[in-house]
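Notes for the structure review
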Amino acid sequence: QVKAGTIYALKGDWEYFPGKLADEINGTTGELVTVEHLWPKNEEGFAYGTATYRLTLSGLNPLSSYGIFVRDEASAYRLLINGRTVMYNGVVSKNPSIYKADLKTATTVFKSDQNGKAVLVMEIANYDRSVVGGFWNPVMVGSINAIDDYFTHPAIAQVFIMATMLTLS
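Below is a short write-up of the structure. (Residues numbered from 1 in each chain as written. Predicted model: local features only at pLDDT ≥ 70, side-chain atom pairs only at ≥ 80, totals over all residues. Heavy atoms only, no water.)

1. As for the overall build of the protein
Helix and strand counts for the protein stand at one helix and twelve strands. The helix and strand sequence of the protein, counted from the amino end, reads β-β-β-β-β-β-β-β-β-β-β-β-α. A total of 169 residues make up the protein; the buried ones form 41% of that total. (Helix = DSSP H or I, 4+ residues; strand = E, 2+ residues; numbered from the N terminus. Buried < 20%, exposed > 50% of the residue type's maximum accessible area, 1.4 Å probe, protein only.)

2. Considerations on the sheet that holds strand β12 (residues 139–142)
Across a sheet, strands are paired by hydrogen bonds formed along the backbone, either parallel or antiparallel in direction. Taking strand neighbours across the sheet as the criterion, the four strands line up as β1-β12-β6-β9 in an open arrangement whose pairing is antiparallel. For this open sheet the edge positions go to β1 (7–10) and β9 (106–111), each flanked by a neighbour on one side alone. When strand polarity is set aside, the average angle formed by the axes of neighbouring strands in this sheet is 30 degrees. Looking at chain direction, strand β6 (residues 65–70) and β9 are connected through six bridges and run antiparallel. The partner of S65 across the bridge, within β9, is K111. (Pairing = 2+ DSSP bridges. Axes fitted to C-alpha atoms, helices over the stretch in contact; angles between N-to-C directions.)

3. Details of the packing of aromatic side chains
Per the stated rule, a full pass over the model turns up six aromatic pairs. Relative to F135, the ring of W14 lies with its centre 5.0 Å away and its plane at 70 degrees, an arrangement referred to as edge-to-face. With W14 in strand β2 (residues 14–18) and F135 in strand β11 (residues 134–135), this residue pair connects regions lying 121 residues apart in the sequence. Just as W14 is buried, F135 falls in that class too. Each member of the aromatic cluster is reached from another via a ring pair, and the members are W14, Y16, Y53 and F135. (Phe/Tyr/Trp six-rings, centres within 6.5 Å; stacked < 30°, edge-to-face > 60°.)

4. Considerations on the pattern of salt bridges
Working definition: two side chains of opposite charge can pair if their charged atoms are close together. Per the stated rule, a full pass over the model turns up three salt bridges. With a closest N to O distance of 2.8 Å, E24 and K94 form a salt bridge. You can see E24 sitting in the loop between β2 and β3 (31–33) and its partner K94 sitting in the loop between β8 (84–89) and β9, a full 70 residues away along the chain. With a relative accessible area of 34%, E24 lands in the partly exposed category. Across the pair E123 and R78 runs a salt bridge whose closest N-O atoms are separated by 2.8 Å. With E123 in strand β10 (residues 118–126) and R78 in strand β7 (residues 76–81), the pair connects residues that are 45 residues apart, well separated along the chain. The class of E123 is buried, set by a relative accessible area of 4%. Among the residues examined, R78 registers a relative accessible area of 29% and is labelled partly exposed. (Salt bridge = Lys/Arg side-chain N within 4 Å of Asp/Glu carboxyl O.)

5. Side note on the nonpolar core
Residues W14, Y53, L120 and V139 are the most contacted members of the largest nonpolar core, which totals 29 residues. Every residue in contact with V139, bar those within four places of it in the chain, is listed here: Y8, A9, L10, W14, I68, F69, V70, L120 and M122. Of all hydrophobic cores here, the second largest spans six residues; its members include A76, Y99, A125 and Y127. (Core = buried A, V, L, I, M, F, W, Y, C linked by side-chain atoms within 4.5 Å. Contact = heavy atoms within 4.5 Å.)

6. Quick word on the sheet that holds β8
Spatially, six strands are ordered β3-β2-β5-β10-β7-β8 in an open sheet, and the strand pairing comes out antiparallel. Whereas interior strands pair on both sides, the edge strands pair on one side only; in this sheet they are β3 and β8. Across the sheet, the axes of successive neighbouring strands diverge by a mean angle of 25 degrees, strand direction being ignored. As defined by bridge partners, β2 adjoins β3 across three bridges and the pair is classed as antiparallel. Pairing of Y16 across the sheet is with E31, part of β3.

Here is the structure:
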């Protein structure tokens, strides 16, 4: 049950499917991992490639809206909830020439299904960032107001600090 004003970091029990995209994992089971989950390095010492992660949330209010927050997840990601793309960053692809990196923080809203469940599927690709690829930051879920406050307060604080510093100069 999601409590009002509470934000949950979805760190554990994600199924991990290395080298797969979302449409390739139906009917299969992956290895359970915890986020921050780093990928193994290849022969050149880089953790490049593509992977998909899946997590099922249950105990949500049926057909209710929730907020979700993703911070600079990876070089590229696409998050699907209950089969619908709800947010993305860059272009996820198994082909490094089609893949496009982009880093930005994002928030959105999703709806639980009629049984109070939400299946989160996160595709991640990394072909050019650092030697460490993987699922870097946990997805944050909570009430819409809690996610909105979590996302906007740090930005407001930074603006206030910068304005104060400029005034004192």
